Amino acid sequence: MKIISIVGARPQFIKEAIVQEELRKQANVEHIVLHTGQHYDAEMSTVFFDTLKMRPPDYMLGIKAQLHGEMTGLMLIELERVFLKERPDIVLLYGDTNSTVAGALAAAKLKLRTAHVEAGLRQTPRWIPEEVNRVVTDRVSDVLFAPSQLAMGNLQREGLLDRAVNVGDVMYDLYLRAVSRFDTSVVDRLRLEGKRYIVMTLHRDFNVDKQENLAAILSAANTIAAEQPVVFPVHPRTAKRIAEFGLESLAKNITIVPPLDYLSLMGLTQHASFVITDSGGYQKEAYFAGKRAAIIMEDTGWRELVESGYHVLASAETLYDAVYASKPYRDMGLVYGAGDAAAKIVKHLVEIAN
Ligand code: UD1
């Protein structure tokens, strides 16, 4: 059986790492990894392959584009070529990026079987690029690996339940397997005191691409940073916007550092007091690490996290209160599975291919 994994962006490397480990145990599986090139900086890409001990991609498409249509279109052309050459039994897709939707469309047009890891997440408003990517990918994929009961409910409402299976979240698997290797050297290097600093990440288009939104969030975080350190591993997109809009002075209390690899970000998070983020993956990783978070979004695909009261949705205006006015929350139990999502996924893939 031949499986091709499509990856391209940071959160996909993380998910692929754990599935790849499981696939390696299968004697009859030929596994090919294709990297679209969506994320290309060493610290956004290579470092994940190195620190998570992944094997290098078999294909590196090197697609760099600014506009979504152009990026997705170029990926479609190249992916189709690779699929025609390799003729895989299964195309494995992760999450909600442009690389995901390009893989889904290219495979579906060639009538190749596709499986979507992290299926069934839904978030408003529906025009968010990640939401568009999720809806299209779920619609055309043959197997939908949902990470939670909530995701299964969403798929049921859309009439997709017959293709869906709740396997749990592969990111929880990775957390459990990697926790003993978390790297806390950044904590020492920045001379941070445990439980007395906040970690912030910010990269979503609706927060960083409009000057007034980015300025308001940075100002709010800057006020908080006057009271306790706010460490901000900055995404290249956000770094570019800060420079372009000339907002450096609004962030002068904030400790800006380059993007961190998975083990370092989690090491930093482990000892933090709180998290501020607009990342889908990181809001969950904060929860795994027992850290509450303010999510700078109108809505989240991981609604359990806010419905339980553990995390809170926030805006620039409400950020200060979100950080300091913590409310009681409801225990969610094993809402993202038992750490065996990757094993379940691989078992399922082997079954359907035979
Ligand atoms: C993408 C995903 C998002 C995911 C995020 C994780 C889409 C629509 N969005 O968003 O779901 O949460 O990855 O980080 O696919 N850039 C660099 N170097 C890099 C990568 C990006 O300089 O290695 C810059 C480029 O200018 C690029 C911009 O960042 O145009 C945005 O990158 P892009 O991949 O389009 O979107 P992300 O914001 O990273």
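Below or above, wherever it landed, is the structure these notes cover. (Residues numbered from 1 in each chain as written. Predicted model: local features only at pLDDT ≥ 70, side-chain atom pairs only at ≥ 80, totals over all residues. Heavy atoms only, no water.)

Remember that side chains alternate between the two faces of the sheet whenever the strand is regular. Both faces of strand β11 (residues 274-277) are covered, namely the face carrying Phe274 and Ile276 and the face carrying Val275 and Thr277. Relative to strand β12 (residues 293-295), β11 is paired through 3 bridges, and the arrangement is parallel. When the sheet's bridge partners are listed, Val275 is paired in β12 with Ala293. The parallel pair β11 and β12 is bridged by helix α13 (residues 280-288), and the resulting crossover is right-handed. (Buried < 20%, exposed > 50% of the residue type's maximum accessible area, 1.4 Å probe, protein only. Helix = DSSP H or I, 4+ residues; strand = E, 2+ residues; numbered from the N terminus. Pairing = 2+ DSSP bridges. Right-handed = clockwise from strand over helix to strand, strands pointing away.)

Turning next to the site of the ligand. Taken together, 21 residues form the shell around the ligand, and within it Gln38, His39, His235, Arg237 and Lys240 come nearest. One of the side-chain N or O atoms of His39 is found 2.6 Å from an oxygen atom in the ligand. In the environment of the ligand, an oxygen atom lies 2.9 Å from a nitrogen or oxygen atom belonging to the side chain of Glu130. In isolation the ligand has 740 Å² of accessible area, and contact with the protein removes 93% of it. Ranked by residues supplied to the shell around the ligand, first place goes to helix α11 (residues 236-245) with 3 residues. Looking at the shell around the ligand residue by residue, the class counts come to 6 nonpolar, 9 polar and 6 charged. (Near = heavy atom within 4 Å. Polar contact = N/O pair within 3.5 Å; in protein donor to acceptor, adjacent residues only side chain to side chain. Areas by Shrake-Rupley, 256 points an atom, 1.4 Å probe, with all protein chains shown as cover. Nonpolar A, V, L, I, M, F, W, Y, C, P; charged D, E, K, R; others polar.)

So, about the packing of aromatic side chains. Centre-to-centre distance and the angle between the planes together describe a pair of aromatic rings. Across all of its chains, the model carries 13 aromatic pairs by this definition. Pairing Phe288 with Tyr336 gives two aromatic rings, centres 6.1 Å apart and planes at 80°, and the pair type is edge-to-face. A residue pair is termed long-range when its members are at least 10 positions apart, and Phe288 in helix α13 and Tyr336 in the loop between α15 (319-324) and α16 (341-353) qualify at 48 residues. This pair shows no difference in class: Phe288 is buried, exactly as Tyr336 is. Centroid distance Trp302 to Tyr336: 5.5 Å. Interplanar angle 80°. Geometry classified as edge-to-face. Of this pair, Trp302 sits in the loop between β12 and α14 (304-307) while Tyr336 sits in the loop between α15 and α16, and the two are 34 residues apart along the sequence. Three or more aromatic residues joined by ring pairs form one cluster here, namely Tyr172, Tyr175, Phe182, Tyr262, Tyr287, Phe288, Trp302, Tyr310, Tyr329 and Tyr336. Its end group placed over the ring of Tyr40, Lys64 keeps NZ or CZ at 4.8 Å from the ring centre. Cation over ring: Lys284 sits above Trp302, and NZ or CZ is 3.9 Å from the ring centre. (Phe/Tyr/Trp six-rings, centres within 6.5 Å; stacked < 30°, edge-to-face > 60°. Lys NZ or Arg CZ within 6 Å of the ring centre and 35° of its normal.)

Read across the open sheet, the 7 strands follow the order β3-β2-β1-β4-β5-β6-β7; overall the sheet is parallel. Every other strand in the sheet has two partners, leaving β3 (59-60) and β7 (164-166) as the edge strands with one partner each. Note that strand β1 (residues 2-7) and strand β4 (residues 90-94) share 4 bridges and pair parallel. Within β4, the residue paired with Ile4 across the bridge is Val91. Helix α4 (residues 98-109) rests against β1, β4 and β5 (113-117) of the sheet, and its axis sits at about 155° to β4. Across the face of the sheet, helix α6 (residues 149-157) comes into contact with β6 (143-146) and β7 while running at roughly 165° to β7. (Contact = heavy atoms within 4.5 Å. Axes fitted to C-alpha atoms, helices over the stretch in contact; angles between N-to-C directions.)

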